[in-house]
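# Notes for the structure review
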Amino acid sequence: MRDETGAVSAQFVPVEVELLRLAVSQLVGLLDAAASHALGASADPAVRRLLPDAYREDAEAAAEFRRFTADGILDRKERNARAVLASLGDDEYQGDDYPGGGDDGNEDESDRGDDVDDQPPVTIELDDAAVQSWLRTLTDLRLTLAERLEVSPDGVQHLTGEEAPFLANVYEWLGMVQESLVHAIDV
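Residues numbered from 1 in each chain as written. Predicted model: local features only at pLDDT ≥ 70, side-chain atom pairs only at ≥ 80, totals over all residues. Heavy atoms only, no water.

### Let's talk about the side chain of Lys-77
Tracing the chain through its elements places Lys-77 in helix H3 (residues 59-87). Owing to a relative accessible area of 14%, Lys-77 belongs among the buried residues under this scheme. Those residues in contact with Lys-77 that sit more than four places away from it in its chain are Leu-31, Leu-50 and Asp-140. (Helix = DSSP H or I, 4+ residues; strand = E, 2+ residues; numbered from the N terminus. Buried < 20%, exposed > 50% of the residue type's maximum accessible area, 1.4 Å probe, protein only. Contact = heavy atoms within 4.5 Å.)

### Comments concerning the nonpolar core
Counting residues in each nonpolar core, the largest one holds 42 residues, and the members touching the most others are Phe-12, Trp-134, Leu-174 and Leu-181. Aside from chain neighbours lying at most four places away, what touches Leu-174 is Leu-20, Leu-138, Leu-141, Arg-142 and Leu-145. (Core = buried A, V, L, I, M, F, W, Y, C linked by side-chain atoms within 4.5 Å.)

### Things to note about the packing of aromatic side chains
Enumeration over the complete set of coordinates arrives at 3 aromatic pairs. With centroids separated by 6.1 Å and ring planes inclined at 25 degrees, the aromatic side chains of Phe-12 and Trp-134 adopt a geometry described as stacked. Pair noted here: Phe-12 is in strand S1 (residues 8-12) and Trp-134 is in helix H4 (residues 128-148), with a separation of 122 residues, a long-range link. For Trp-134, a relative accessible area of 3% translates into the label buried. Aromatic side chains Tyr-55 and Phe-65 sit 6.1 Å apart centroid to centroid with 85 degrees between the ring planes, which places their arrangement in the edge-to-face category. Taken together, the positions of Tyr-55 in the loop between helix H2 (45-50) and H3 and Phe-65 in helix H3 put the pair 10 residues apart, joining distant regions of the chain. Of the aromatic side chains, those joined through ring pairs into one cluster are Phe-12, Trp-134 and Trp-173. The aromatic ring of Tyr-171 is capped on one face by Arg-142, whose charged end is 4.2 Å from the ring centroid. (Phe/Tyr/Trp six-rings, centres within 6.5 Å; stacked < 30°, edge-to-face > 60°. Lys NZ or Arg CZ within 6 Å of the ring centre and 35° of its normal.)

### Regarding unusual backbone geometry
We note that Glu-150 has phi near 55 degrees; this positive angle belongs to a residue other than glycine. By the element assignment, Glu-150 lies in the loop between H4 and helix H5 (164-186).

### So, the packing of helix H1 (residues 14-36) against H3
Working note: a packed helix pair is described by the angle between its axes plus the distance between those axes. Following both chains from N to C, one finds H1 and H3 inclined at 160 degrees, their axes separated by 9 Å at the closest point. By the criterion of interaxial angle, the relationship of H1 to H3 is roughly antiparallel. As H1 packs across H3, the resulting crossing turns out to be left-handed. Judged by residue contacts, Arg-21, Val-24, Ser-25, Leu-27, Val-28, Leu-31, Asp-32, Ala-34 and Ala-35 of H1 engage Leu-74, Lys-77, Glu-78, Ala-81, Arg-82, Val-84 and Leu-85 from H3. (Axes fitted to C-alpha atoms, helices over the stretch in contact; angles between N-to-C directions. Parallel < 35°, antiparallel > 145°, perpendicular 65-115°, else oblique. Left-handed = near helix turned anticlockwise from the far one by under 90°.)

### What about H4?
Its 21 residues give H4 an end-to-end C-alpha distance of 30 Å, which sits within 8% of 30 Å, the value for a rise of 1.5 Å per residue. Turning to H4, its buried residues are Ala-130, Val-131, Ser-133, Trp-134, Leu-135, Thr-137, Leu-138, Asp-140, Leu-141, Thr-144, Leu-145 and Ala-146. Each element contacted by the buried residues of H4 is listed here: S1, H1, H2, H3, strand S2 (122-126) and H5. At the N-terminal boundary of H4, the capping side chain belongs to Asp-127, with an oxygen 3.2 Å from the backbone nitrogen of Ala-129. One or two residues past the end of H4 sits Glu-150, with phi positive at roughly 55 degrees. (Expected span 1.5 Å × (residues − 1). Polar contact = N/O pair within 3.5 Å; in protein donor to acceptor, adjacent residues only side chain to side chain.)

Given below as structure tokens:
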């Protein structure tokens, strides 16, 4: 929802904020790893999805284009992702630990404090630049998840296994967040 100053605000339950932090932090890690490879070339199919070939029929021209553009694209994607982390109130979170959780990830119910349902919603306010960072980062997250889920061009998911339902739910939820943000700025 836009306010009178033009800022966009949204409310998330705390677990959604933590899921966003985790997903965006993992994206930053993926982008950092891609930047450490020569010219952003990576064996990870998700990175290839984020940096598609400009010339599919001409490998030499595609490599030349990537040589001049990959670093800048990766830098912009990482800056956008870090801006999202900053707007979530935690621009320093990195790593594989569960954000907001204990150091060992094995905390029991008594260590968590209030029940998730009792926690107040978190309001995020975004100016125009932050909105653009969010839209771009949500797109990058969805592209990455689409690759992990093995979503074909016709939209059919081919990944099976234990993690598939969770990843599919996150993919759909990120789409709803993105759609809500687009609607908020379009009003």
